[in-house]
Amino acid sequence: MLNSFLNKYKFAFTYPCPRKLREIVKMSLFERESKDQVISLWMEYHKEKQHNVAYIVSKDEYEILKRNTKESPLFLLPIKRKGGHFQLIGQSQTNSILFTFLEEYKKSGSFSTPYFILTIFEELLASKQLALIRGDIMDYKIDKDEATFLTNQFLKFYMTPELYEKYIYTLNHKQHEFNYDDFKNHFQI
């Protein structure tokens, strides 16, 4: 049942969040700073923002993430919430990963509203060997703690070879072998 929905739809909408790093920071200032200072500034800037999460990956980690999101663009994640859990589905599109509720995706397909968007900024890869990542919470359907968990799990599953092969690659390329109960048990749900 899930398989037919995953194959049938793709997200399509205009981006409601920054797509270029220069839309968030003064690039000339970031270029002058040391790698450690860029990390500090990026994390500090987003620390108190209730509708954003921030991460940084090395150039090597970025290469793994980029390759794996291109090869396997769909991501599914159950998230615990008081009284049960809900499921988000994400789809990678170039340097953005769009997340919506699985139930909404089943109903609306490409017209689903994204509730969380991760954007990977590549602008500092050459000069600082870093990719900056920002998550934007849209429409307040998830909170910052849930967005943080989602981002941590997304990065973990896409950059850990065993998790990527067992769950993400299988979900995207061998759906008939994807064991959702095993996947859900991984999160103790």
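Bear in mind the structure is a predicted one, so any value in this text is a computation, not a measurement. (Residues numbered from 1 in each chain as written. Predicted model: local features only at pLDDT ≥ 70, side-chain atom pairs only at ≥ 80, totals over all residues. Heavy atoms only, no water.)

(A) A look at the packing of helix 7 (residues 144-159) against helix 8 (residues 161-173). Where helix 7 contacts helix 8, the two axes come as close as 5 Å, and the packing angle between them is 95 degrees. One element, helix 7, and the other, helix 8, form an angle in the roughly perpendicular class. In this structure, helix 7 uses Lys 156, Phe 157, Tyr 158 and Met 159 to contact helix 8, whose residues at the interface are Pro 161, Leu 163, Tyr 164, Tyr 167 and Ile 168. Here the residues of the contact of helix 7 with helix 8 sort into eight nonpolar, no polar and one charged. (Axes fitted to C-alpha atoms, helices over the stretch in contact; angles between N-to-C directions. Helix = DSSP H or I, 4+ residues; strand = E, 2+ residues; numbered from the N terminus. Parallel < 35°, antiparallel > 145°, perpendicular 65-115°, else oblique. Contact = heavy atoms within 4.5 Å. Nonpolar A, V, L, I, M, F, W, Y, C, P; charged D, E, K, R; others polar.)

(B) Just the side chain of Glu 104, in detail. Within the secondary structure, Glu 104 is located in helix 5 (residues 102-108). Of the buried charged residues, Glu 104 lacks a salt bridge, with Lys 141 as the closest side chain of opposite charge at 6.9 Å. For Glu 104, the contacting residues outside a window of four places in its chain are Gly 109, Ser 112, Thr 113 and Tyr 115. (Buried < 20%, exposed > 50% of the residue type's maximum accessible area, 1.4 Å probe, protein only. Lys, Arg positive; Asp, Glu negative; His and termini not counted. Salt bridge = Lys/Arg side-chain N within 4 Å of Asp/Glu carboxyl O.)

(C) Quick peek at helix 4 (residues 59-71). Helix length check: helix 4, at 13 residues, gives a terminal C-alpha distance of 18 Å against a target of 18 Å (1.5 Å per residue), a fit within 8%. Residues of helix 4 that are buried: Tyr 62, Leu 65, Asn 68 and Thr 69. The buried side chains of helix 4 occupy one side of the element, clustering within an arc of 140 degrees when seen end-on. Relative to its buried face, helix 4 has exposed residues pointing more than 90 degrees away, namely Asp 60, Arg 67 and Lys 70. (Expected span 1.5 Å × (residues − 1). Arc of directions from axis to C-beta.)

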